[in-house]
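So you can see what is in the structure, the chains are spelled out below.
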Amino acid sequence: MSNATWRETAVDTWWNNDENWSTNEVPWDIARFSETNINTVSFDPNKAAIIDSINFDEDACAYNFYFTTSDNPSLTVKGEGVFNHSQYTQNFCVMALSHGMNNPQLLFKNKAVAGGQNIRYHAGPVNFEDAGGGVIRFIDESNAGAAQFYIYTGAKKPQSGYTVGAEVSFGDNAKAGTASFTVYGTLGTDGDTFGNAVFHDESSAENATFTNQGGTVDSGDGGNTQFYQTATAANACFYNKGATHPTAFGGDVAFDSQASGGFGTFHNYASSVNTGYGGVTSFNNNPPQVSGVGASAGHGKFYNYGAVSGDKCGGGHCEFSSKNGSPTAEHGTFYNYGSKVIAQSPSTAGHTIFSLNAGSSYTPTAGSATFYNFSAEVAGGTAGYTEFTIYGQPTGSETPPTAGNAHIYNHGSNQQGAYGGYTAFKMGASAGQSNIQLLAGVSGGYGGKVIFADDSTAGSAMITAYAASDETGGGEVAFYDSSDAQNATLSLGNYTQLSLSYHNGTTQLGTLQANNCCLDIALGQKVTDLAIADSFELANGSQLHFYFIEAKDGTFETGTQYKVLSAPNLSSFNVSRFSANDINSNKPVFSLSGNSLYVSYQAS
């Protein structure tokens with residue numbers, strides 16, 4: 001055994017100096033610290049100290065341990081770890097330049113534990129006007145314990161081959177315990193620099209807490225926490241703060257490779273300044289490229305908050321961007337909140353986006369996740385939303401984003417004139433086999449909405465718009481451009497609306513279950529009619545009301561019959577079950593021919 005105590009009358013600051021230890025020999029088993037005349041401890045960068053454990057006695061004063069740039073770990077803790085029994089917080093400061101996770105200045109291995117809440121670790125550059133930062137590394141089954149970690153970056157652009165900022169890195173089966181991590185972003189003019197907590201291999205964030213601060217300079221990144229390979233967020237909690245400076249980015253958690261959100265909790269906050277970006281959790285946005293299923297949200301809970309302080313503040317969000325893999329929301333739960341301020345840009349609300357770039361071989365899916373899209377909190381505000389889209393001009397080779405088997409709830413508003421939450425499908429995206437529910441608005445607030453644009457499709461989804469007490473509160477299902485309802489089932493309650501007026505032509509649908517709802521259609525040379533393939537169901541005692549508008553091309557004519565609805569069983573209905581608005585004081589006249597419903601307007 002090699003145990004020694006740091007002398008009460010140490011000769012200098014060097015850990016590696018034998019004369020500073022009670023046994024006149026640098027220990028390699030247990031290093032004890034008590035009262036002393038020198039409470040600053042430094043490590044020779046050219047020597048590799050190894051210790052089983054570091055113990056601070058009850059009488060120990062506050063110590064500061066300093067690590068500088070080194071080719072090998074200046075200290076390796078390989079036994080039980082670090083223990084502080086004193087009344088003071090002990091500080092370990094790794095202020096260095098590093099090549100990455102394999103070039104740590106402080107290393108924990110085997111089953112070593114970094115200590116309790118009264119131990120603080122600081123990782124940063126040599127000074128804050130410098131570049132990069134030092135590395136604290138956990139490998140094997142080591143654990144961050146309940147310690148506090150603060151991770152910084154410098155002001156300068158890092159040289160090639162060096163870290164973009166300081167790192168606390170976990171590999172193998174290492175865990176973050178119940179530790180707390182505060183991670184900071186860019187300080188200088190190079191936006192792509194940030195402090196970083198990183199998980200590789202099968203490491204786990206366990207039950208730790210991470211605060212990724214928002215960017216503080218022009219186009220500057222916020223603090224980052226990243227997961228690679230099959231690392232997991234486990235049960236950890238993450239707070240991604242929005243930018244505090246215009247054009248800066250928010251704090252970020254990134255899942256890449258095939259990493260998982262586990263059962264983690266993620267809070268993505270809006271920017272506090274206009275043109276700043278909100279906090280974000282992303283999936284497969286960064287290399288490496290992976291085949292098969294990519295990163296996963298696991299069973300995590302994701303809270304995306306809308307703007308609270310400005311009309312151009314970016315909202316908190318989640319991105320399944322699939323730039324380097326095919327991510328899935330799996331069994332996650334997503335809460336997208338509307339803005340609390342009047343704003344025009346949808347991105348000021350909390351939101352979740354599933355996207356791919358045109359020509360990509362990857363595609364994202366919502367899996368079996370659950371989404372709650374909440375209304376704007378004020379009239380003129382923006383509502384929380386989930387979007388599926390392709391960026392750029394599709395080549396036809398892509399597999400578009402899909403809602404999979406997700407459950408999506410678009411909430412109506414309870415604020416006069418405020419919009420309800422919504423889901424949007426664009427550029428060939430599909431609703432898959434999802435279940436989408438549109439909840440009614442009350443007290444003058446609008447209901448939830450689902451939008452299909454471009455050539456997107458409702459797939460085989462079940463879409464339910466619940467009955468409202470007035471026209472304002474009714475939910476809306478809207479098909480634009482060349483989108484298609486395909487094999488979907490729509491169940492539309494009282495005062496709800498199916499909008500086809502801005503479609504390019506006929507909309508195909510599987511089943512329509514209607515109960516005093518409204519169907520919007522444009523009449524003209526191209527009628528935006530509805531063709532039902534399977535079944536049309538109209539609740540007893542109810543009507544299907546049409547709202548007809550004149551086609552924008554001016555081809556609407558009175559006295560012309562327009563086919564507006566077809567279904568295999570439509571001949572069993574009486575025309576009295578259908579009603580419509582007047583056009584230019586002309587009355588609608590309905591007629592049935594086989595399984596097709598026609599309308600004409602006769603001149604008064």
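Just above sits the structure.
Everything quoted here is computed from the prediction, not taken from an experiment.

Caption draft 1: Highlighting the side chain of serine 483. Topologically, serine 483 is positioned in the loop between strand S34 (476–479) and strand S35 (489–492). For serine 483, a relative accessible area of 2% puts it in the buried group. For serine 483, the side chain forms a polar contact with the main-chain oxygen of phenylalanine 452, separated by 3.2 Å. Sequence-distant contacts of serine 483, that is, excluding residues within four places in its chain, are made with Phe452, Ala453, Asp454, Asp455, Ser456 and His503.

Caption draft 2: Quick look at the pairing of strand S37 (residues 507–514). The element S37 is largely enclosed, with a buried count of 6 among its 8 residues. Across 4 bridges, the pairing between S35 and S37 is parallel. Bridge pairing in S37 links leucine 490 to leucine 512. Pairing between S37 and strand S39 (residues 530–538): 7 bridges, direction parallel. Paired with threonine 511 across the strands is serine 535, a residue of S39.

Caption draft 3: The arrangement of the pattern of salt bridges in detail. Overall, the coordinates contain 6 salt bridges when judged by the stated rule. In this structure, the salt-bridge partner of lysine 426 is glutamate 387, at a minimum N-O distance of 3.6 Å. In this pair, lysine 426 is assigned in the loop between strand S30 (422–425) and strand S31 (435–438) and glutamate 387 in strand S28 (residues 385–391), connecting sequence segments 39 residues apart. In this structure, lysine 449 and glutamate 476 form a salt bridge, with 3.5 Å as the shortest nitrogen-oxygen distance. Of this pair, lysine 449 sits in strand S32 (residues 449–452) while glutamate 476 sits in strand S34, and the two are 27 residues apart along the sequence. On the accessibility criterion, lysine 449 (22% relative accessible area) is partly exposed.

Caption draft 4: Looking closely at the side chain of threonine 328. Inspection of the secondary structure puts threonine 328 in strand S24 (residues 326–328). Residue class for threonine 328 comes out buried when judged on its relative accessible area of 10%. From its side chain, threonine 328 meets the backbone nitrogen of glutamate 330 in a polar contact 2.9 Å long. Excluding residues that lie within four positions of it along the chain, threonine 328 makes contacts with Val293, Ala295, Ser296, Ala297, Phe320, Thr365 and Gly367.

Caption draft 5: Representation of unusual backbone geometry within the structure. Along the chain, proline 287 connects to proline 288 via a cis peptide bond; the corresponding omega equals 10°. Along the chain, proline 288 falls in the loop between strand S20 (280–283) and strand S21 (293–296). With a phi close to 55°, asparagine 24 is a non-glycine residue in the positive phi region. Relative to the assigned elements, asparagine 24 resides in the loop between strand S1 (3–5) and strand S2 (30–33). Positioned with a positive phi, threonine 275 is a non-glycine residue whose angle comes to about 70°. The topology assignment puts threonine 275 in the loop between strand S19 (265–268) and S20.

Caption draft 6: Quick peek at a negative patch on the surface. On the surface, a cluster of negative charge is made up of Glu8, Glu35, Glu58 and Asp59. Within the secondary structure, glutamate 35 sits in the loop between S2 and strand S3 (40–42).

Caption draft 7: Quick look at the nonpolar core. If you look at the biggest cluster of nonpolar residues, it comprises 124 residues, and the most contacted ones within it are Trp15, Phe181 and Phe546. Look past the residues within four positions of phenylalanine 546 in its chain and what remains in contact with it is Cys518, Leu519, Ile521, Val564, Leu565, Phe578, Ser579, Ala580, Asn581, Phe590 and Leu597. The next biggest cluster of nonpolar side chains, apart from the first, holds 6 residues, and it includes Ile353, Ala383, Tyr422 and Ala424.

Calculation rules
Residues numbered from 1 in each chain as written. Predicted model: local features only at pLDDT ≥ 70, side-chain atom pairs only at ≥ 80, totals over all residues. Heavy atoms only, no water. Helix = DSSP H or I, 4+ residues; strand = E, 2+ residues; numbered from the N terminus. Buried < 20%, exposed > 50% of the residue type's maximum accessible area, 1.4 Å probe, protein only. Polar contact = N/O pair within 3.5 Å; in protein donor to acceptor, adjacent residues only side chain to side chain. Contact = heavy atoms within 4.5 Å. Pairing = 2+ DSSP bridges. Salt bridge = Lys/Arg side-chain N within 4 Å of Asp/Glu carboxyl O. Patch = residues over 30% accessible without salt bridge, like charges linked within 9 Å, V, L, I, M, F, W, Y side chains within 5 Å. Areas by Shrake-Rupley, 256 points an atom, 1.4 Å probe, with all protein chains shown as cover. Lys, Arg positive; Asp, Glu negative; His and termini not counted. Charge placed at Lys NZ, Arg CZ, Asp CG, Glu CD. Core = buried A, V, L, I, M, F, W, Y, C linked by side-chain atoms within 4.5 Å.

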